[in-house]
Structures are given as structure tokens and as C-alpha cells.
Amino acid sequence: MQGRQILALEFRNQASDERVMYVSAIIAAGGHGRRLGAGVPKQLLDLAGRPMLRWSIDAFLACDRVSEVVVVVPPEWADAPPACLRVPGVRIVVGGERRQDSVANGFDAVSTRSDVILIHDAARPFVDAAMIGRAIDAAAETGAAIVAVPARDTIKWSPAEMGSAAGGQPRGDRRVIERTLPRESIFLAQTPQAFRRHVLREAVALGRAGVEGTDEAALAEQAGHQVRLVEGSARNIKVTTAEDFAIAKALLEMTNDTRTDASGFRIGSGYDLHRLVEGRPLILGGVTIPFDRGLAGHSDADVLCHAIADAILGGAAAGDIGQLFPDTDDRWRGASSVELLRQAVDLVRARGFRIVNLDATVIAERPKLGAHRASIAASLASVIGVPDSVVSVKAKTNEGEDATGRGEAIAVHAVALLEKA
Ligand code: MG
């Protein structure tokens, strides 16, 4: 846990010079929507390699102006949150019965320092920093703002009582139009929605008093606040049906084809060496290898995890494990290197990177590693959260030369390919 805090600190500090306001983001993911896939909650369905919920989380984490991210999850996730929520800088809160109850729980959990609070629906994976920024700016100025898009279709008004001769519930094919609304006055609400803290407090209080709102803006309006409309995006769709999901996938594939400076492939390299000593277990890639000696070091000295973590961090230009887990810090004494590797992976994923593949060469005169290669690769793949097929571990001797060749040390070279979505 401490590692996560350190990473969160490192991650956030980058923005501290520019930050003038404390901005909290509440991502509402408390729903139980299972319409899209067999038994898998909608928020966790895989969308181009990431659970849908992670696209929103990563967008807010990547936005320099957002100071903290609170994700509201279904109560049944409370004890064992899904792996995709183990992200430095993200807090988890349990949701309530209705969406507005979940947002109210999120509101209770945000920092008391919050100036502006953003609410975002986890079913809108295409939110981006520009939209978030517009919502923050407008809310800071006027108290409340939502992103929205102008209606492009002509809007017909057909109240529920129309279309049924008997005056009962209308059937869809029997409804009639009462009038056509002026399209230029119609806007379709999206999220994020942003509020000065006191405005959201009043909206939440109204909701708790029994007023129903389909979004937080509706509650703020009813509390007497003006809500500003800022530019959303046609891409910022809400994924509700299987058709929406197919559209979302297609949109992501299009994005991946358009490589700009901000997207594309990145390569990282890592190297590490540890001395072999008596009285220590030999751990490589999280697997304990039977041998009469083990690697000396501050942590468990898993030289393979260290080199791979450095390759992954290097690909994202996110520093190295020496910076993230300094050996001057007692908290890392005896730390599991598998956990350090996992933290490094979480950090680069939070910055929008996907791990494409990894290749490592272990230089060891002894023990012979051939029989362990597959289990080491499988262990690494499981820690990193990628298929076994993209992790390669090779073993070499050093022909008796140097410290590794004399069997005094084990060294590892690793490369990682990352892709920025
Ligand atoms: Mg090391």
C-alpha cells in the first residue's frame, strides 16, 4: 500500500506547479448494467485491451488539472475490487441504490479541499482532457457546468398521454407528435459535469431529501443554480447497448490508426545485476529456483523483475525503480519485487500505455535455467497482466568471462514495447 502512495505522490506532483484549484473527480461506476455481456458488469467489459471503466479513470488521471480521483463501485466489489482499479492515485467508494445515491457517497469521500468537483459516468470512455478542462473552467466561473452537444436531429415532442386513444400507457407505434421543438434550443447532456463544492453540496442534499434527478445538473437546477453548457463531443458517447459497444470499439480502432506525437509505440530497455551469495533464495521473475545460493540485495533482489520494471518504466519515460522505490527507504527492505513490478505496470497504464511485449535475457553461468523458462515467463505474464505469448525469457551463460561468467552474479537485459492509446 505504501508503494501506491509513493507512486501517487510522484504522479500528482508533476502538475503541482500549474495547479491553482483543487479538483476532485468522481467516476460513477456503481451501476449493475449487465445488458452487454454474459455476467460481466458493463464497466469491466474489455474495450481495446482495457476494461471500459479504466478508459475514464485513465483520462482523469492523465489530466494535470485533476487532483484526485474517486471511483464509486457496486457494493459487491467492496471486498475484492477488480484488478483494473488498483491504480496509484485512485480511491474506491461503495455506491448506493440509485445513481444519485452513488454520487452522494462519492461527494462524502472527496477531499474537503476540493474547489471544483467533477462527476463522470463510467459508461463514457471517450472523455478527454480538453472536455474536462472546459467543464472545470466554466464551473469555476459560474458554479456549475456540464458538457453537452447540440441536437442534430429534429426533436419531436410527444408527451406520454399522447398516442393512446384510451388515455392509458401509449404504445411506441401509436404515439403522435404534439409539436416540433426548436432544435437550436436543444442540447444533449453528457458528462463530465462540474460543480463548485457548495453547489454540489446543495444538489446532493436535494437528492437525499427525496428529489429525483437523472443527472447532477438536474438537481443543481432544482436547487436554483444556473448550469452552464460547454462543448462536449459527438465521440463522447454513453455505452449502454451492444450496438453502442460496437461503435465504441470502432472509434478506438480509428484512433489507434491515427498516430500522432501523443500516440504510437515506445520502446524501453532495462538492465540489472545482483551478486550471488549464500543463505538467500534465488528468485527470478517471482519464481523460486532451487540453487545453493541466492541474489544479494535490498529487496528480494529479483534481478529479472527489476530489469523488466525498468524497461517498462523506460518506455513510458517514467523514471526507474531506483527513483520509485529508493533503497534508502526502509519500506522496501525485503519487499517483493513482483509487487514493485506490478506498481511500475500500474503507473505506465495510468499514463495511457499498453504493454505490447517483453523480451529478457538472463545471463547466468549457473544454475541452468532452461527448465524454468516457461514457468518464469508465465509468472511474469500473470504479474504484468498480459498473455504468456507476449513474454519471452531467454537464458545465456557468459562463457566463463567476468563476474557473471565466474558464477558470482546474475545479470539481466530486458526490452519492453509499449503502445500509447
Ligand atoms: Mg536490482
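Sequence order as written defines residue numbering, which begins from 1 separately in each chain. The model is predicted, so local features are restricted to residues of pLDDT at least 70 and side-chain atom pairs to those at 80 or more, both for listing and for counting; the totals for chains, interfaces and linings are taken over all residues. Based on all heavy atoms of the structure, the side-chain values leave hydrogens and waters out of the count.

1. Thoughts on helix H8 (residues 303-315)
For H8, spanning 13 residues, the distance from its first C-alpha to its last is 18 Å, which sits close to the expected 18 Å at 1.5 Å a residue. Residue burial is assigned from relative accessible area. The probe radius is 1.4 Å, only protein chains are included, and a residue is buried under 20% of its type maximum, exposed over 50%, and partly exposed in between. Only DSSP runs of H or I with at least four residues qualify as helices, and only runs of E with at least two residues qualify as strands; both kinds are numbered from the N terminus onward. Taking burial as the measure, the 13 residues of H8 include twelve buried ones, the bulk of the element. Within the sequence span of H8, burial applies to Val303, Leu304, Cys305, His306, Ala307, Ile308, Ala309, Asp310, Ala311, Ile312, Leu313 and Gly315. What a helix is expected to span follows from its residue count: subtract one and scale by 1.5 Å.

2. Observations regarding the environment of serine 102
One can find serine 102 in helix H3 (residues 99-109). Any two residues having at least one pair of non-hydrogen atoms within 4.5 Å are treated as being in contact. Serine 102 has contacts with Gly30, Val72, Gly95 and Gly96, leaving out every residue within four places of it along the chain. Contacts described as polar in this section are N or O atom pairs within 3.5 Å, which, within protein, must combine one atom able to donate a hydrogen with one able to accept it, while residues neighboring in sequence count only if both atoms come from side chains. Separated by 3.0 Å, the side chain of serine 102 and the backbone nitrogen of glycine 96 make a polar contact.

3. Section: the coordination of the magnesium ion
Each pair of donors in an ideal four-coordinate tetrahedral metal site encloses 109.5 degrees, whereas pairs in an ideal six-coordinate octahedral site enclose 90 or 180 degrees. The protein atoms that coordinate the magnesium ion are Asp272 (OD), His274 (NE2) and His306 (ND1), at distances spanning 2.0 to 2.2 Å. Take aspartate 272: its relative accessible area is 16%, and that puts it in the buried class. Accessibility expressed as a relative area gives 8% for histidine 306, which makes it buried. Here the term donor refers to an N, O or S atom within 2.8 Å of the metal (or 3.2 Å for Na, K and Ca), and because water is left out of the atoms, sites may appear incomplete.

4. Remarks on the sheet that holds strand E6 (residues 116-121)
Across the sheet, which stays open at both edges, the seven strands sit in the order E5-E4-E1-E6-E10-E7-E11 with mixed pairing between neighbours. Sheet topology places strand E5 (90-94) and strand E11 (228-231) at the edges, where each strand pairs with a single neighbour. Each strand axis lies, on average, 30° off the axis of its neighbour in the sheet, ignoring direction. As defined by bridge partners, strand E7 (residues 144-150) adjoins strand E10 (residues 187-196) across six bridges and the pair is classed as antiparallel. Bridging from a neighbouring strand, alanine 144 pairs with phenylalanine 195 of E10. Whether two strands pair comes down to DSSP finding at least two bridges between them. Fitted lines through C-alpha atoms give the axes, limited to the stretch in contact for helices. The angle between two N-to-C directions lies from 0 to 180 degrees.

5. Some points on the sheet that holds strand E12 (residues 264-278)
Strand order in this open sheet of five strands is E15-E12-E18-E16-E17, and the pairing throughout is mixed. In this open sheet, the two edge strands, each paired with only one partner strand, are strand E15 (293-295) and strand E17 (391-396). Going from strand to strand, the sheet's axes swing by 20° on average, the running direction of each strand aside. Seen against the sheet, H8 touches E12, E15, strand E16 (353-363), E17 and strand E18 (409-420) and runs at an angle of roughly 155° to E12. Lying over the sheet, helix H11 (residues 373-384) contacts E16 and E17, oriented at roughly 145° with respect to E17.

6. Overview of the nonpolar core
Of all hydrophobic cores here, the largest spans 51 residues; its most connected members are Leu304, Ile308, Ile312, Leu341, Leu380 and Ile384. In terms of residues, this core owes the most to one element, H8, which gives nine residues. Residues grouped as a nonpolar core are buried Ala, Val, Leu, Ile, Met, Phe, Trp, Tyr and Cys residues, joined through side-chain atoms within 4.5 Å.

7. So, the pattern of salt bridges
What counts as a salt bridge is simple: a side-chain nitrogen of Lys or Arg found within 4 Å of a carboxyl oxygen of Asp or Glu. Enumeration over the complete set of coordinates arrives at 17 salt bridges. Among the salt bridges present, the one from arginine 228 reaches glutamate 141, with a minimum N-O distance of 3.2 Å. Highlighted residues: arginine 228 in strand E11 and glutamate 141 in helix H4 (residues 129-142), separated in sequence by 87 residues. Given the relative accessible area of 61%, glutamate 141 is considered exposed. Salt bridges here are not isolated pairs; linked through shared partners, they connect Arg99, Asp121, Glu216 and Lys238.

8. A few points about the environment of alanine 301
With respect to the helices and strands, alanine 301 occurs in the loop between E15 and H8. Judged by relative accessible area, which is 0%, alanine 301 ranks as buried. Each C-alpha atom of the pair alanine 301 and serine 337 lies 7.2 Å from the other, and the pair is 36 residues apart in sequence. With residues near it in sequence (within four places) discarded, alanine 301 still touches His274, Arg280, Ile283, Leu295, Ala296, His306 and Ser337.

9. Quick notes on the confidence of the model for the protein
pLDDT is a per-residue confidence score from the predictor, ranging from 0 to 100. For the protein, the average pLDDT comes to 87, and 88% of its residues sit at 70 or higher. Between residues 163-167, whose pLDDT stays under 50, and residues either more than four places distant or in other chains, the model counts five contacts. Below pLDDT 50 for its whole length, residues 257-261 participates in five contacts with residues either more than four positions away or in separate chains.

10. Focus: helix H5 (residues 197-208)
With twelve residues, H5 ought to run about 16 Å at 1.5 Å a step, and its terminal C-alpha atoms sit 16 Å apart, in line with that. Of all the residues in H5, the buried ones are Arg197, Val199, Leu200, Ala203, Val204 and Gly207. With its buried residues spanning 160° around the axis, H5 presents them on a single face. Packed against the buried residues of H5 are H3, E6, E7, E10 and helix H6 (216-222). Glycine 210 occupies a position one or two residues after H5 and carries a positive phi of about 110°. For this quantity, the arc is that covered by the directions from the helix axis to the C-beta atoms.

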